[in-house]
Amino acid sequence: MLEIKNLQASVVDIEDSEILRGIDLRVNKGEVHAIMGPNGSGKSTLANVLMGRLDYEVTGGDILLEGKSIVDLPPEQRAHLGMFLAFQYPAEIPGVRPWQFLKAALDARADARGEEKMTVRNFSKLFDEKVEAVGINPQLVKRSLNEGFSGGEKKRNEMLQLEILQPSLAILDETDSGLDVDALRIVAEGVNSMRSPDRSFIIVTHYQRLLNYIRPDVVHILVQGKIMKTGGPELALEVEKDGYRNYLPAGATA
Amino acid sequence: MTFATVPAAVEKYSTAFEAAETRKNSESPAWLNSTRRQAWATFSELGIPTRRRGNELWKYTNLRPLAEAEFSFGEAGSVSLDALKSNGPWDDSWDTIVVVDGVYSDSLSNLHGTSGLVAGSLASAISSGSGEVERLLSSLAGREEYAFTALNTAFIDDGAYVQIAEDSSLDSPVQVVFVTSGPGHDGDSSRATYPRLLVDAGENSSLTLIETYINLSGSAQLTVPVVEIFAGRGSVVRHHRVQMENEQSFHIGTTRVNQLADSTFSSTTFAVGASIGRNDIHTQLAEPGAECTLRGLYMTGGQQHQDQEISTTHAKPHCSSHQYYKGILSGRSRAVFSGKVVVERDAQKSIADQKDLNLLLSRGAEIDAKPSLEIYADDVKAAHGATAGHVDRNTLFYLQSRGIDEDAAKAMLVRGFAEEMLDDFKPKALRDFVERVTDYRIKILLDESDTIGTA
Ligand SMILES: Nc1ncnc2c1ncn2[C@@H]1O[C@H](COP(=O)(O)OP(=O)(O)OP(=O)(O)O)[C@@H](O)[C@H]1O
Ligand SMILES: [Mg+2]
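Residues numbered from 1 in each chain as written. Chains lettered and ligands numbered in written order. Predicted model: local features only at pLDDT ≥ 70, side-chain atom pairs only at ≥ 80, totals over all residues. Heavy atoms only, no water.

Undergrad: Help me understand the sheet that holds strand 5 (residues 68–69) of chain A, please; the structure alone is not making it clear to me.
TA: Hydrogen bonds along the backbone pair up the strands of a sheet, which may run parallel or antiparallel. All names here are of chain A. The strand order across the open sheet formed by four strands is 2-1-4-5, and the pairing between neighbours is antiparallel. Looking at the sheet topology across the chains shown, the edges are occupied by strand 2 (18–27) and strand 5. As judged from the eight bridges shared by strand 1 (residues 2–11) and strand 4 (residues 56–65), these two strands associate in the antiparallel manner. Within strand 4, the residue paired with Val-11 across the bridge is Tyr-56. (Pairing = 2+ DSSP bridges. Helix = DSSP H or I, 4+ residues; strand = E, 2+ residues; numbered from the N terminus.)

Undergrad: Looking at this structure, how should I read the pattern of salt bridges?
TA: A side chain with one charge may pair with a side chain of the opposite charge, provided their charged atoms come close. Under the counting rule described, the total for this entry stands at 44 salt bridges over all chains. The salt bridge partner of Asp280(B) is Arg256(B), with a shortest N-O separation of 2.9 Å. Highlighted residues: Asp280(B) in strand 15 (residues 276–285) and Arg256(B) in strand 13 (residues 250–259), separated in sequence by 24 residues. Grouping residues by exposure puts Asp280(B) and Arg256(B) together as buried. Ionic contacts of the salt-bridge type, sharing partners, join the residues Arg97(A), Arg415(B), Glu419(B), Asp423(B), Arg431(B), Glu435(B) and Asp439(B) into one network. (Salt bridge = Lys/Arg side-chain N within 4 Å of Asp/Glu carboxyl O. Buried < 20%, exposed > 50% of the residue type's maximum accessible area, 1.4 Å probe, protein only.)

Undergrad: Honestly, the sheet that holds strand 10 (residues 226–231) of chain A in this entry has me stumped. Any pointers?
TA: Residues and elements named next belong to chain A. With mixed pairing, the six strands of this open sheet are ordered in space as 6-7-8-3-9-10. On the outer flanks of this sheet lie strand 6 (83–86) and strand 10, each paired with one strand and no other. Each neighbouring strand pair of the sheet contributes to a mean axis angle of 20°, computed without reference to strand direction. Judged from the four bridges that link them, strand 3 (residues 32–36) and strand 9 (residues 218–223) form a sheet pairing that is parallel. Bridging from a neighbouring strand, Met-36 pairs with Ile-221 of strand 9. Helix 5 (residues 151–165) contacts strand 6 and strand 7 (169–173) of the sheet and is inclined by roughly 165° relative to strand 6. (Axes fitted to C-alpha atoms, helices over the stretch in contact; angles between N-to-C directions. Contact = heavy atoms within 4.5 Å.)

Undergrad: What exactly am I supposed to notice about the nonpolar core here?
TA: Looking at soluble globular proteins, one finds that nonpolar side chains tend to be buried together. Core analysis: the largest hydrophobic core is formed by 102 residues, its most contacted members being Leu2(A), Leu50(A), Phe101(A), Leu160(A), Leu172(A), Phe270(B) and Ile328(B). When sequence neighbours within four positions are dropped, the list of residues in contact with Leu2(A) reads Leu25(A), Arg26(A), Val27(A), Leu50(A), Ile63(A), Leu64(A), Leu65(A), Leu169(A) and Ile202(A). Core analysis: the next-biggest nonpolar cluster, separate from the first, contains 39 residues, Leu117(B), Val174(B), Val227(B) and Ala365(B) among them. (Core = buried A, V, L, I, M, F, W, Y, C linked by side-chain atoms within 4.5 Å.)

Undergrad: I'm lost on helix 10 (residues 428–447) of chain B in this one. Help?
TA: Three or four residues apart is the spacing at which side chains of an α-helix point the same way, because the helix has 3.6 residues per turn. Taking 1.5 Å of rise per residue, 20 residues should cover 28 Å, and helix 10 of chain B covers 29 Å from first to last C-alpha, within 8% of that figure. Within helix 10 of chain B, burial applies to Ala429(B), Leu430(B), Arg431(B), Phe433(B), Val434(B), Val437(B), Thr438(B), Arg441(B), Ile442(B), Leu445(B) and Leu446(B). (Expected span 1.5 Å × (residues − 1).)

Undergrad: So what exactly am I meant to see when it comes to helix 8 (residues 234–242) of chain A here?
TA: Residues and elements named next belong to chain A. When we look at burial in helix 8, the residues that qualify are Leu-235, Ala-236 and Val-239. Buried positions in helix 8, seen along its axis, are confined to an arc of 100° and lie on one side of it. The exposed set on the far side of helix 8, more than 90 degrees from its buried face, consists of Glu-240 and Lys-241. Elements in contact with the buried residues of helix 8: strand 3, helix 7 (208–213), strand 9 and strand 10. At the C-terminal side of helix 8, Gly-243 shows a positive phi close to 70°. (Arc of directions from axis to C-beta.)

Undergrad: Even after reading the chapter, I still don't get the interface of chain B and chain A, so can you show me in this structure?
TA: Many authors give the size of an interface as the accessible area that is lost as the parts come together. Each partner contributes residues to the interface: chain B has 21 residues there, and chain A has 35 residues. Here chain B packs against chain A, burying approximately 2100 Å² in sum over the two surfaces, 63% of which is carbon and sulfur. If you sort the residues of chain B by the area they bury against chain A, Phe397(B), Tyr398(B) and Arg402(B) come out on top, with a joint share of 38%. At the boundary of chain B with chain A, the tally comes to four salt bridges. Across the pair Arg393(B) and Asp55(A) runs a salt bridge whose closest N-O atoms are separated by 3.9 Å. For the interface between chain B and chain A, the tally reads eleven residue pairs in polar contact (both at pLDDT 80 or more). (Buried area = accessible area lost by both parts, 1.4 Å probe. Polar contact = N/O pair within 3.5 Å; in protein donor to acceptor, adjacent residues only side chain to side chain.)

Undergrad: In this structure, what is going on with the packing of aromatic side chains? I would like to understand it.
TA: One pair of aromatic rings is described through two measures. These are the centre distance and the angle between the planes. Residues and elements named next belong to chain B. Taken as a whole and judged by the stated rule, the model has 17 aromatic pairs over all chains. Here the aromatic rings of Trp-58 and Phe-148 are separated by 5.6 Å at their centres, their planes lie at 55°, and the arrangement is tilted. Of this pair, Trp-58 sits in the loop between helix 2 (30–46) and helix 3 (64–68) while Phe-148 sits in helix 7 (residues 147–154); the two residues are 90 residues apart in sequence, bridging distant segments of the chain. The same class applies to Trp-58 as to Phe-148, namely buried. Measuring from ring centre to ring centre gives 6.2 Å for Phe-71 and Phe-250, while their planes differ by 85°; the resulting arrangement is edge-to-face. Of this pair, Phe-71 sits in strand 1 (residues 71–72) while Phe-250 sits in strand 13, and the two are 179 residues apart along the sequence. By relative accessible area, Phe-71 is classed as buried at 11%. Members of the aromatic cluster, each reached through a chain of ring pairs, are Tyr-13, Phe-17, Trp-40, Phe-43, Phe-155 and Tyr-194. Positioned above the aromatic ring of Phe-417 is the side chain of Lys-326, whose terminal nitrogen or guanidinium carbon lies 4.3 Å from the ring centre. (Phe/Tyr/Trp six-rings, centres within 6.5 Å; stacked < 30°, edge-to-face > 60°. Lys NZ or Arg CZ within 6 Å of the ring centre and 35° of its normal.)

Quick look at the structure:
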């Protein structure tokens, strides 16, 4: 599904700003990978670079999706290929209503893939169903996208989009942060119900707690722009107990 | 302080004034003849305000191109109903008054004899002495020494008259369409028209008023409208102003509103047209408990210039005023927001706020935003602010990451910015129309855009 080879990235227009310093990662179809790591280690940068954010420049290495390089594709084309990013800090978009926005997103993807567009009626049905499933107040989605939403509401809204767009590779960047217990369960149930042999997940989290609900196949520890260790779910427990000190490069402090 | 300068461009209008005067004087009542002559005297003194230094009202708007342009003053031309319907908002169920080149058109107007409503030609209202026309006409827009109200008043002849009876609530909107048909009498010159609208909303009446300016010519025209609105005690007037002149034309509009006790006046302007467009609106909160909400959306591209001159006077206690405007600017266009609220000494417990937000889509576009509060009372709640920003790249990325391509994402964001103003246009046919024009304009403005999506 996804293969990241020696990926290096820096901030556009800032010299010596390398954040990702040679990442290798392979996510097979149907797998759930968790990425953990200290603040500022490059987790969100990785997620954003995967999705094609223009603030970052890939200075080395490659990203392959189904065997094809995507580093030169704009974000929308990556979305059309089935990628999705649930943002750590979702943007507020005045005057754009979630319904209209998601319909436009689905239509754009259908266009790009040469598929038939969903009818307004079917879409409305799906939308209402999912709004209920992720537990968003239906009044809220009549307003502007994310505008004035609480932190938790924004995250639920990311889940709503994830469930409607049904991507084949979903990257969740701290979707569990700032959530109450019920919301956390909703995120976990959402992900678990979407787990399938054709769909993969990369889940960035700080908390082992989420991984109690969503059992990852692989856990990676990202420190200072490099993956320092890869293992099974037990790795998350170790981090919970000991922090990241065991994974720091020699002589460094996190 | 006065300067001994020759008033600009007066002679260009004087032949027309004299001709009109000879023609109209025998037909008009004496009071009107004297109003016109007084107004002409005022205009002759002031001329077109081309001097900007020290002139707060025109500091950011250069009227030299207008002063230099030549206009003709021919008979009213003719337009087709289809042209009106396809170039402006229209709904057969509305009571619609059509004024072509300043003259009421009986055949194009669509009036339903709605009870509680007197609507039609201003000329007939004047000649029949209908309602309180004599007392009201030019009582708001005649007092001040202001060149363009004077110019319009000097040429008062016809236009539209709308009166709502006391306690009447109209279910359906009243629209007044001012249309410029085409060039003047010699076929190619520019035409000057002076649309006039008088609205008298009786005590406890309620009205939705749509004021539309359409220009069916492809060349430079001058439109100088003056609108006077009298909001009676407890009345509710919802006003919409749609300005769609062509991009060569000049539109210098003045609206004067007088609000009696507990009246509510809300107005939303949609200004997308003209080479130089000016929307000057003043609301006088003349008695306690009056409330006004002035809002608007302006969109400029190319070399367009849009000027919003928005002011409110709180004369009495317990009134509130809200000014909120939004601008979308591209190309090498320029916009001005000059918001002013005066709270007089008597006007305790006033609430006033002002806001002007602008979205700049190009480096060449420029906004001068100048909200100001002049407060002479001590118990007042007031706030003001103005901002100019660009389309945010984070937001753009967010939309793109969901599969929406860059161009569509930009259009969606700009449209989103406009949305809350469009929401004000409640009547369905009106809403559909402004939406259509907005989407069309956004495409053009984005073609001239150079500031978004770049690092
Ligand atoms: N656009 C940018 N411009 C400048 N610096 C940046 C930019 N994006 C990221 N950085 C820097 O790169 C480093 C990694 O940031 P990133 O957001 O990827 O960390 P993270 O692992 O997601 O942290 P957290 O756990 O706090 O979310 C940080 O030092 C951050 O300040
Ligand atoms: Mg992060």
